[in-house]
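Coordinates in review
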Amino acid sequence: MSISTVGTDGDDRAIEFLVAPRSGEGGAGGAGGAGAEGAEEAHFAIHREHDQGWEAARLTIDPLSGSVPIAAVEWAMEFAREYL
């Protein structure tokens, strides 16, 4: 799994992430071409209010994304706490 930041809102209250399988990871065997890997990409964002810490943050998942691995959300929260 590869996690990257896509962007922020400019005042460090929201950050968007892209989760994608690394090459060779792709899932369940079957058809498995590049289209299957693209379907596994997921976008999500973490938001917080001005007067709140990241512990009170909300998670928003792009409705066109598939599922988001819990490990990706945990990593994103640690990233937000440490670097924003």
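Data block above holds the structure.
For the rest of this paragraph, the subject is the side chain of Arg48. Checked against the element boundaries, Arg48 lands in the loop between strand S3 (42-47) and strand S4 (58-61). Residue classification places Arg48 among the buried residues on the basis of a relative accessible area of 16%. Within the structure, the side chain of Arg48 is placed 2.9 Å from the backbone oxygen of Gln52, a separation counted as a polar contact.

So, about the nonpolar core. Soluble globular proteins: nonpolar side chains tend toward being buried together. By size, the foremost hydrophobic cluster in this structure holds 13 residues, and its most contacted members are Phe17, Phe44, Ile46, Trp54, Val68, Ala72 and Ala76. Of all the elements in the fold, those that place two or more residues in this core are strand S2 (14-20), S3 and helix H2 (70-83). Considering every element that reaches this core, the biggest residue donor is H2, with five residues. Among all residues touching Phe17, those that are not within four sequence positions of it are Ile3, Ser4, Thr5, Val6, Ala42, His43, Phe44, Ile46, Trp75, Ala76 and Phe79.

For the structure on display, the rule yields four aromatic pairs. Ring centres of Phe17 and Phe79 lie 6.0 Å apart, and the angle between their planes is 85 degrees; on these two criteria the pair is classed as edge-to-face. Of this pair, Phe17 sits in strand S2 while Phe79 is found in helix H2, placing the two residues 62 residues apart along the sequence. The interplanar angle of 20 degrees and the centroid separation of 5.4 Å between the aromatic rings of Trp75 and Phe79 together place this pair among those described as stacked. Note that Trp75 and Phe79 are positioned in helix H2 at a spacing of four residues, about one turn of the helix. According to the relative accessible area criterion, Trp75 is partly exposed, its value standing at 38%. Through successive ring pairs, a cluster of aromatic residues spans Phe17, Phe44, Trp75 and Phe79.

Rules used in this analysis
Residues numbered from 1 in each chain as written. Predicted model: local features only at pLDDT ≥ 70, side-chain atom pairs only at ≥ 80, totals over all residues. Heavy atoms only, no water. Helix = DSSP H or I, 4+ residues; strand = E, 2+ residues; numbered from the N terminus. Buried < 20%, exposed > 50% of the residue type's maximum accessible area, 1.4 Å probe, protein only. Polar contact = N/O pair within 3.5 Å; in protein donor to acceptor, adjacent residues only side chain to side chain. Core = buried A, V, L, I, M, F, W, Y, C linked by side-chain atoms within 4.5 Å. Contact = heavy atoms within 4.5 Å. Phe/Tyr/Trp six-rings, centres within 6.5 Å; stacked < 30°, edge-to-face > 60°.

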